Amino acid sequence: MKSLFSTFSLILLMSISLTAQNYITRTGYIRFYSEAPLENIEAVNRQVNSALNIETGEFVFRVLMRSFNFEKALMQEHFNENYVESHKYPNASFQGKITNLDEIDFSAPGTYNAVVEGELTIKDATNSIKETGTLEVKADEITGKTVFTILLEDYNIEIPSAVSRNISEEIEITVDVELKKM
Amino acid sequence: MKKLSGICFFVFFLTLGQNAFSQDLFDLLEEEEPVVEYSFATFKTTRVVNGQSIENPAVGELKFIVSHHFGRLNEGAYQLWGLDQSTIRLGLEYGLTERLALSVGRSSFEKTFDGFAKYKILRQSKGAKVMPVSVSVFSGIYLNSLEWRYPDRTNYFTSRLSFAHQLLIARKFSNTFSFQLVPTMVHKNLVEEISDPNDIFALGYGGRVRLTNRITFNAEYYQLLTQKTASEFKNMLSLGFDLETGGHVFQLHFTNAQPMFERAFITETRGDWLKGDIYFGFNIVRVFTIKKPEL
């Protein structure tokens, strides 16, 4: 009986330590920006899902494509219908790891440079990416920030020649997530 | 024995715990509350062909629509199969709120000024809230500004007015197929003959099939339900294609209706498809964003 009790308390302890090392958000921010000769296009998503495990350095993102807001409704429609085909591929995702975990002290508040490596999936294409960003560690919160660029052709997004002067082949992605301790 | 079972439990729970330990971080993200997903782009623009579609201009968006019908194809080579003639409507549509759109227009047909309001009552959605169809109500007023045919008799301003009211019931069945039903009532303050009805009822059908990401095939049919008018006029049938480029939608179509506003094309279409009374026409929809939303 005693051993059973100790087992349970052990499991309880484990589950506590399990949840304590995860940081999560559902209101992360991702912006993309295309700069082309005829127009600049910007879209913002404030409902980005992201989670970070500070023990293993695992860092994941799930982004609902429909939640990107554009300044022109028509752009938003074309983005969903023609370019990312969000009815077929509702989410973009990233699954990766912080590779310089030894340089980050999650117990000491401060801003650290982080190298994140992993697989980015948009539409039906997955590519390995490696980007650097910053992690700002606070008491119960970690803010992750980065800016990087992707190429549309890597993700099977075709720009018809008629609008090639409106949409850039290179898209700048800005990420800003405030992860809260679970 | 007791100790052994204790160890067994311990190992069992340990493995269980380890499973949880290596649990995919992704699973954490999956536990999300479902959101309401409204369907969008049931049609490419606010017209199926001549008639209204369920779409409104987005809030803060102004659509400038040039609608043009040439003459009838069966007019022959002398009239270059109708291309020498034209009927035109210029219109502006503005999305005042998420649900309400207002419009003004002017047609060359009977020199008609028109205005309408279109309000979204229901929006098709899935997820946290399931709604199988979108429903909008449409109300238009038409002012015939032709000079009075009999200037000597007493003419009333109200005689120039006519109205159309519609309920648009639409469903986007899939990304490729959308369909709508449009019960319609038209009221004319003044009719030609004493036996002509002032109120005319009709039922419209409209659909679209997406051929590629940027091209759709549209069809539209308005069936007259009021007997007297139905024997005098034809039901309107229109077939067309929507071609979309960046900021424009081009709609190219064939129809047996010369005018392009509701009262006239629903209740006064004279063309007979089988006799070749077919008008080639197009709508050009240019979109301007007047009020940019906060990002």
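If you're wondering where the values come from, they're calculated on a predicted model, not measured in any experiment.

**Section: a negative patch on the surface**
All names here are of chain A.
Line of reasoning, step 1. Together, Glu-153, Asp-154, Glu-169 and Glu-170 make up a region of like negative charge exposed at the surface.
Line of reasoning, step 2. Its location among the elements puts Asp-154 in the loop between β8 (141–151) and β9 (170–181).
Line of reasoning, step 3. Residue classification places Asp-154 among the partly exposed residues on the basis of a relative accessible area of 35%.

**Overview of the pairing of strand β3 (residues 86–95) of chain B**
Residue and element names in this part refer to chain B.
Line of reasoning, step 1. A one-sided burial pattern is seen for β3, the buried positions being Thr-87, Arg-89, Gly-91, Glu-93 and Gly-95 and the unburied ones Ser-86, Ile-88, Leu-90, Leu-92 and Tyr-94.
Line of reasoning, step 2. Sheet topology places strand β2 (residues 61–72) next to β3; nine bridges connect them, and they run antiparallel. For His-68, the partnering residue across the bridge sits in β3 and is Ile-88.
Line of reasoning, step 3. Alignment of β3 against strand β4 (residues 100–107), held across seven bridges, turns out to be antiparallel. The partner of Leu-90 across the bridge, within β4, is Arg-106.

**Brief notes about the sheet that holds strand β13 (residues 248–255) of chain B**
All names here are of chain B.
Line of reasoning, step 1. The strand order β2-β3-β4-β5-β7-β8-β9-β10-β11-β12-β13-β14 describes a closed barrel built from 12 strands, whose pairing is antiparallel. Geometrically, the sheet is characterised by an average inter-axis angle of 20 degrees between neighbouring strands, direction not taken into account.
Line of reasoning, step 2. As paired elements, strand β11 (residues 215–224) and strand β12 (residues 236–244) share eight bridges and run antiparallel to each other. When the bridges of β12 are listed, Ile-215 appears paired with Leu-243.

**Some remarks on the domain arrangement of chain B**
Line of reasoning, step 1. In terms of domains, chain B is made up of domain 1 (1–32) and domain 2 (39–289).
Line of reasoning, step 2. A C-alpha centroid distance of 64 Å is found between domain 1 of chain B and domain 2 of chain B.

**Here we look at the nonpolar core**
Line of reasoning, step 1. Ranked by internal contacts, the top residues of the largest apolar core, which has 46 residues, are Leu-52, Phe-59, Phe-68, Ile-98 and Phe-106 of chain A.
Line of reasoning, step 2. In this structure, Ile-200, Ala-202, Tyr-222 and Phe-233 of chain B belong to the second largest nonpolar core, which totals 24 residues.

**Some words on the packing of aromatic side chains**
Line of reasoning, step 1. Counted by the stated rule, this structure contains 18 aromatic pairs over all chains.
Line of reasoning, step 2. A ring pair is formed by Phe-68 of chain A and Phe-79 of chain A, whose centres lie 5.7 Å apart and whose planes are at 70 degrees; its orientation type is edge-to-face. With Phe-68 of chain A in the loop between β3 (58–64) and β4 (69–70) and Phe-79 of chain A in helix α2 (residues 73–83), the pair connects residues that are 11 residues apart, well separated along the chain. You'll find Phe-68 of chain A and Phe-79 of chain A in the same group, each marked buried.
Line of reasoning, step 3. Taken together, the ring pairs connect Phe-32, Phe-68, Phe-70 and Phe-79 of chain A into an aromatic cluster.
Line of reasoning, step 4. The aromatic ring of Tyr-38 of chain B is capped on one face by Arg-123 of chain B, whose charged end is 4.2 Å from the ring centroid.
Line of reasoning, step 5. One Lys or Arg, Arg-171 of chain B, reaches over the ring of Phe-173 of chain B and ends 5.2 Å from the middle of that ring.

Quick notes on the rules
Residues numbered from 1 in each chain as written. Chains lettered and ligands numbered in written order. Predicted model: local features only at pLDDT ≥ 70, side-chain atom pairs only at ≥ 80, totals over all residues. Heavy atoms only, no water. Patch = residues over 30% accessible without salt bridge, like charges linked within 9 Å, V, L, I, M, F, W, Y side chains within 5 Å. Areas by Shrake-Rupley, 256 points an atom, 1.4 Å probe, with all protein chains shown as cover. Salt bridge = Lys/Arg side-chain N within 4 Å of Asp/Glu carboxyl O. Lys, Arg positive; Asp, Glu negative; His and termini not counted. Charge placed at Lys NZ, Arg CZ, Asp CG, Glu CD. Helix = DSSP H or I, 4+ residues; strand = E, 2+ residues; numbered from the N terminus. Buried < 20%, exposed > 50% of the residue type's maximum accessible area, 1.4 Å probe, protein only. Pairing = 2+ DSSP bridges. Axes fitted to C-alpha atoms, helices over the stretch in contact; angles between N-to-C directions. Domains from an automatic or database assignment. Core = buried A, V, L, I, M, F, W, Y, C linked by side-chain atoms within 4.5 Å. Phe/Tyr/Trp six-rings, centres within 6.5 Å; stacked < 30°, edge-to-face > 60°. Lys NZ or Arg CZ within 6 Å of the ring centre and 35° of its normal.

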